[in-house]
Amino acid sequence: MFNTGNSEFINEFSSLFFISEIANYLCVVGILIILTRFKLVEEKYFIFWCLYFLTPFFGNYVLFDPLYMPDQYIYTNTVNEIRADGLPEIGLSNYDAVRNSVTNLSSIFFSFVPLFSNLTITSVAFANQIYTLLIYIYLRNKIKSWEILALLLLPSFILYSSVSLREVLIIFFTVISLISLIEKKYLVSLFCIFLIFIFKIQNSIALLIMFFGVLVFRIDKSITGLLVLISLILLGSFIFFDEYIPFLNLYRNAFALEAGIDRFIVNRGIVATEYLDFVWTTAKALVGSLVRPFPWQTGGLGIIIFFENIFILFIVYKLFQDIFKGDKNKVLTGIFLLLGLLVTLSFYAYTISNLGTLSRYRFTTIYPFLFAFLYIQNQQFSQENEKSK
């Protein structure tokens, strides 16, 4: 068993575990009742959310052993430390400080949610349920409610909102960042990008490029500006290739070893050493990463994720059919969002070999952009709702 360092931690599937989580469930339902009373959640969806909040009961100890996702123990333990000792430091001075800050900042946000108990591995999952609800509340006047709920019912979202990991937090702030950027609320967008930089630096790079692209090159309004930015990115990626490729190759080798690839093969070289080789390797990996794991690579949940990936690609295709029927600004916004998505996915496609890790990182990347694509498609709906307030 994993040792959390807390003698009171309920580290087994027992009656105490079940009682603790029943109490946490009642806490989040209580929050739902308050939000419904203040009309932040529609009464007709009250039963939906009550049922959705039950999903953490079917994750740890039921569908999988908690050690399948061991980082859950880290976040749960840090939340308990915050409740006992107060807020931890957030530092960016060196690698270790940044790494600790990822856990600390995520746990600070988890600790904001009032729960009865944080003494089980599933407790933080109920905080994730509240952040999922906040995503809905933020989007419900911008996107049709049924479309938001439909995405929340996809297997990946149900899975990662039902465990004690930071993925839902990353999606929450990325959604706000993207839509604030589209709405030209630049300070809000930049603040969220800063938080994402701490949560997951890889996801913040494309957001920063998009932010400065809109601010400096007006890529949401100017085709010329968009083309200039794309040219500068390609030129910069070529000129500074020798500077960044060692870091990418370090990640690629580390993930290969994590995936069980023989060290001898890794040592012989599975990395790109020239720019064109890097571009070709990334392009091939990107295509595969959009649908992996393939059915023959894994079973069970992996097969479900494969079909989910196909469905998501179909959704993006249908959304862009509508987006391309809009005016120039709508089309340009859709294109720069799509390019931002592909930049982040390309990083993960090149570096990650482990299928489970790929699915987890792809989840935090694709879902915020799906909501942003829906927002563009629904912009007329959103404007009408803003006027009716």
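Reading the values: rules and limits
- Residues numbered from 1 in each chain as written.
- Predicted model: local features only at pLDDT ≥ 70, side-chain atom pairs only at ≥ 80, totals over all residues.
- Heavy atoms only, no water.
- Helix = DSSP H or I, 4+ residues; strand = E, 2+ residues; numbered from the N terminus.
- Buried < 20%, exposed > 50% of the residue type's maximum accessible area, 1.4 Å probe, protein only.
- Contact = heavy atoms within 4.5 Å.
- Phe/Tyr/Trp six-rings, centres within 6.5 Å; stacked < 30°, edge-to-face > 60°.
- Axes fitted to C-alpha atoms, helices over the stretch in contact; angles between N-to-C directions.
- Parallel < 35°, antiparallel > 145°, perpendicular 65-115°, else oblique.
- Nonpolar A, V, L, I, M, F, W, Y, C, P; charged D, E, K, R; others polar.
- Salt bridge = Lys/Arg side-chain N within 4 Å of Asp/Glu carboxyl O.

Chemist: Please explain the environment of I108 as it appears in this structure.
Modeler: Along the chain, I108 falls in helix α4 (residues 95-111). On the basis of relative accessible area, I108 is assigned to the buried category, the value being 10%. In this structure the C-alpha to C-alpha distance between I108 and P88, which are 20 residues apart in sequence, comes to 8.2 Å. Setting aside residues no more than four positions away along its own chain, I108 makes contact with I82, L87, P88 and I90.

Chemist: How should the packing of aromatic side chains be read in this particular structure?
Modeler: Aromatic ring pairs are reported here in terms of the distance separating the ring centres and the angle at which the planes meet. With the rule as written, the count across this model stands at 42 aromatic pairs. Where F57 meets F126, the ring centres are 5.7 Å apart and the plane angle is 70 degrees; that geometry is what we call edge-to-face. Placement of the pair is F57 in the loop between α2 (46-52) and α3 (71-85) and F126 in helix α5 (residues 123-139), with a sequence separation of 69 residues. Overall, F57 belongs to the buried group, its relative accessible area being 16%. For F126, a relative accessible area of 0% translates into the label buried. Relative to Y348, the ring of F347 has its centre 5.3 Å away and its plane inclined at 70 degrees; by these criteria the two rings are edge-to-face. Aromatic rings pair up to connect Y45, F48, W49, Y52, F53 and Y136 into one cluster.

Chemist: I'm lost on the packing of helix α12 (residues 241-258) against helix α16 (residues 328-351) in this one. Help?
Modeler: Relative placement of two packed helices is described by the angle separating their axes and the distance separating the axes. Running from N to C, α12 and α16 point in directions that differ by 55 degrees, and their axes come no closer than 8 Å. Accordingly, the angle class assigned to the pair α12 and α16 is oblique. Of α16, the residues touching α12 (which contributes I245, L248, N249, Y251, R252 and F255) are F347, Y350 and T351. Across the contact of α12 with α16, the residue classes tally to 6 nonpolar, 2 polar and 1 charged.

Chemist: What is the right way to look at the environment of I303 in this model?
Modeler: Positionally, I303 belongs in helix α15 (residues 301-323). Note: C-alpha distance between I303 and P293 (10 residues apart in sequence) is 7.3 Å. Ignoring any residue separated from it by four or fewer positions in sequence, one finds I303 in contact with P295 and T298.

Chemist: Just checking my understanding: could you explain the pattern of salt bridges for this structure?
Modeler: Side chains that carry opposite charge are capable of pairing whenever their charged atoms lie near each other. Considering all chains together, one arrives at 6 salt bridges under this definition. R360 is paired through a salt bridge with D71; the nearest N and O atoms lie 3.6 Å apart. One end of the pair, R360, is in helix α17 (residues 355-377); the other, D71, is in helix α3, with 289 residues separating them in the sequence. Here K184 makes a salt bridge to D220, at a shortest N to O gap of 2.6 Å. Placement of K184 in the loop between α8 (167-182) and α9 (186-199) and of D220 in the loop between α10 (201-217) and α11 (223-239) is noted, with a sequence separation of 36 residues between them. Judged by relative accessible area, K184 falls into the partly exposed class, the value being 35%.

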